[in-house]
Amino acid sequence: MNRGPIGTTLTVNGSSISGRGTFLDPGRLPDRKEVRIRKYLPFESRARLHALVSELAKRSMSYQQIQTQIFDSTRIWLSKGSISGWVRGIHNPTGGKNTFCAVASPELAYVIGVIAGDGNLNVHGYNYEMLLSVTDRDFAEEFSRCLAKILSRRNPYRVRRSEKRNRWIVQGSSVLLYQFLNRPWQNLKSFLEHCEECTAAFLRAFYDGEGCISARLLRLDNTQADILLYIQGLLRKLGIETTDLNRRKLAGTELIDPLNGRIYVRNKDCFDFRIRARSLSQFEQKVGFTITRKQQRLANALATRPRFHPSPSANRLIV
Ligand SMILES: [Zn+2]
């Protein structure tokens, strides 16, 4: 079975569609394998098949004629149920839940920030998903709300609790959003710099995931120095000052997974920087956290008087 050229042999309005269909020749009936392969077709191929079916249906072909014509030109055997669903508009390979338009908004910037930080992109068969698994429920809920907004869903995605992993989990699914997000973050800058609100939403998502606050130290950790440098620049635009980027030599050191006790060896160094103590209040006003636990710590930090008067050189002494 040759699965490779499926996507390339289909044409929507080209020469592969040859007028009225021919009746199915029993000698050319596809085997079962060919029927099953349909399940694993990538989204792009399904979309092309859908376009091809629509084109054939416009020529008043019967479902059986469409079925045969599709098989002749693509070697893919679609069920009449699928053809009927597509022709009558009941089903669509893009699916309602996959609807996504890349329009800048704070919600989209927040989702980009989550995926660049704590979140993940996964593919399981047909499911192209955005996943977040975290200890703070309010973080998961905000991700769910933003996903629902940009995917035009009436209701937010369910926030699921995993007792075993002690995590709140959100799984959203959309092949179009997946494809949009599955690229270097540098290519998404225009969405993050669209306006101050979008920039703040992106930063909030990143700080919700990777920010760490203890007393008056608000630190951001990540293994990617380039994204931290970019974030420093965005913070500067919002009038928030930071310390220089600091490299912590971690590659080669051991890490114990608290869940299963396994020991891992870190393969990357980690970078961090801090928000200058004198900019904490500006950070709270312009960015802040979605996570109440972190936001409360930030409020406490602002309520605490520094032990030393802040000055650019003495900033390190402030705790
Ligand atoms: Zn904006």
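In what follows, the structure referred to is the one given above.
Residues numbered from 1 in each chain as written. Predicted model: local features only at pLDDT ≥ 70, side-chain atom pairs only at ≥ 80, totals over all residues.

Undergrad: Describe the overall build of the protein chain, and please don't skip the residues or the numbers.
TA: Counting its regular elements, the protein chain contains 13 helices and 10 strands. Considering the protein chain as a whole, with its 319 residues, one finds that 31% of them fall into the buried category. The long-range share in the protein chain, meaning contacts at least 24 apart out of those at least 6 apart in sequence, stands at 69%. (Helix = DSSP H or I, 4+ residues; strand = E, 2+ residues; numbered from the N terminus. Buried ≥ 20, exposed ≤ 12 C-beta atoms within 10 Å, placed from the backbone. Contact = placed C-beta atoms within 7 Å.)

Undergrad: Summarise helix α6 (residues 106–116); cite the residues concerned and give the values.
TA: Across the 11 residues that make up α6, a large majority, 10, are buried. Along α6, the residues classified as buried are Pro 106, Leu 108, Ala 109, Tyr 110, Val 111, Ile 112, Gly 113, Val 114, Ile 115 and Ala 116.

Undergrad: Outline the environment of Gly 172, listing residues and values.
TA: Its place among the elements puts Gly 172 in strand β4 (residues 167–173). Note: C-alpha distance between Gly 172 and Tyr 128 (44 residues apart in sequence) is 8.4 Å.

Undergrad: Break down the sheet that holds strand β6 (residues 217–222) for me, with residues and values.
TA: One open sheet accounts for four strands, arranged β5-β6-β10-β7; its pairing is antiparallel. The open sheet has two free edges, formed respectively by β5 (211–214) and β7 (246–248), since each of these has just one partner strand. Strand-to-strand twist of the sheet, defined as the mean angle between neighbouring strand axes without regard to direction, takes the value 30°. Examined bridge by bridge, β6 and strand β10 (residues 270–274) share four bridges and lie antiparallel to one another. Each residue of the ladder has a partner; that of Asn 222, found in β10, is Phe 271. (Pairing = 2+ DSSP bridges. Axes fitted to C-alpha atoms, helices over the stretch in contact; angles between N-to-C directions.)

Undergrad: Any chance you could break down the sheet that holds β4 for me, citing the residues and the numbers?
TA: The sheet built from four strands is open, its strands ordered β1-β2-β4-β3 with antiparallel pairing. Edge positions in the open sheet fall to β1 (120–124) and β3 (160–162), since each of these has one partner strand only. Direction aside, neighbouring strands of the sheet carry axes that sit 35° apart on average. The pairing of β1 with strand β2 (residues 127–134) spans five bridges and is classified as antiparallel. Within β2, the residue paired with Leu 121 across the bridge is Met 130. In this fold helix α7 (residues 137–150) packs onto β2 and β4, with an angle of close to 10° to the strand it touches most, β4.

Undergrad: Explain the nonpolar core to me, using residue names and the numbers behind them.
TA: A general tendency of soluble globular proteins is for nonpolar side chains to be buried together. Counting 55 residues, the largest nonpolar core has Val 111, Ile 112 and Phe 202 as the members making the most contacts within it. Considering every element that reaches this core, the biggest residue donor is α6, with eight residues. Counting residues in hydrophobic clusters, the runner-up holds 12 residues, among them Leu 49, Leu 52, Trp 77 and Leu 78. (Core = buried A, V, L, I, M, F, W, Y, C linked by C-beta atoms within 7 Å.)

Undergrad: Provide a residue-level description of the packing of helix α4 (residues 63–74) against helix α5 (residues 80–87), including the pertinent values.
TA: A pair of packed helices is captured by two measures, namely the crossing angle of their axes and the spacing between those axes. Taken N-terminus to C-terminus, the directions of α4 and α5 make an angle of 110°; their axes are 10 Å apart at the nearest point. When the interaxial angle is binned, α4 and α5 end up roughly perpendicular. Where α4 approaches α5, its residues Tyr 63, Ile 66 and Gln 67 are matched on the opposing element by Lys 80, Ile 83 and Ser 84. The residue inventory of the contact of α4 with α5, partitioned by class, reads three nonpolar, two polar and one charged. (Parallel < 35°, antiparallel > 145°, perpendicular 65-115°, else oblique. Nonpolar A, V, L, I, M, F, W, Y, C, P; charged D, E, K, R; others polar.)

Undergrad: Give me the lowdown on the pairing of β4, citing residues and values where you can.
TA: Here six bridges tie β2 to β4, and the two strands are oriented antiparallel to one another. By the bridge assignment for β4, Ser 133 is matched with Ile 169. Examined bridge by bridge, β3 and β4 share three bridges and lie antiparallel to one another. When the sheet's bridge partners are listed, Ser 162 is paired in β4 with Arg 167.

Undergrad: Give me helix α11 (residues 225–237): which residues, what numbers.
TA: Its 13 residues give α11 an end-to-end C-alpha distance of 19 Å, which sits within 8% of 18 Å, the value for a rise of 1.5 Å per residue. Within the sequence span of α11, burial applies to Leu 228, Ile 231 and Leu 235. For α11, the arc enclosing every buried residue in end-on projection is 60°, short of the 170-degree limit, so these residues lie on one face. Seen from the buried face of α11, the exposed residues on the opposite side, beyond 90 degrees, are Asp 226, Leu 229, Gly 233, Arg 236 and Lys 237. Residues of α11 that are buried make contact with α10 (196–210), β6 and β10. (Expected span 1.5 Å × (residues − 1). Arc of directions from axis to C-beta.)

Undergrad: Explain the environment of Val 134 to me, and be specific about the residues and the numbers.
TA: Mapped onto the elements of the fold, Val 134 is located in strand β2. Separated by 32 residues in the primary sequence, Val 134 and Asn 166 have C-alpha atoms spaced 8.2 Å apart. Ignoring anything within four residues of it in the chain, the contact list for Val 134 reads Asp 118, Phe 139, Ala 140, Arg 167 and Trp 168.

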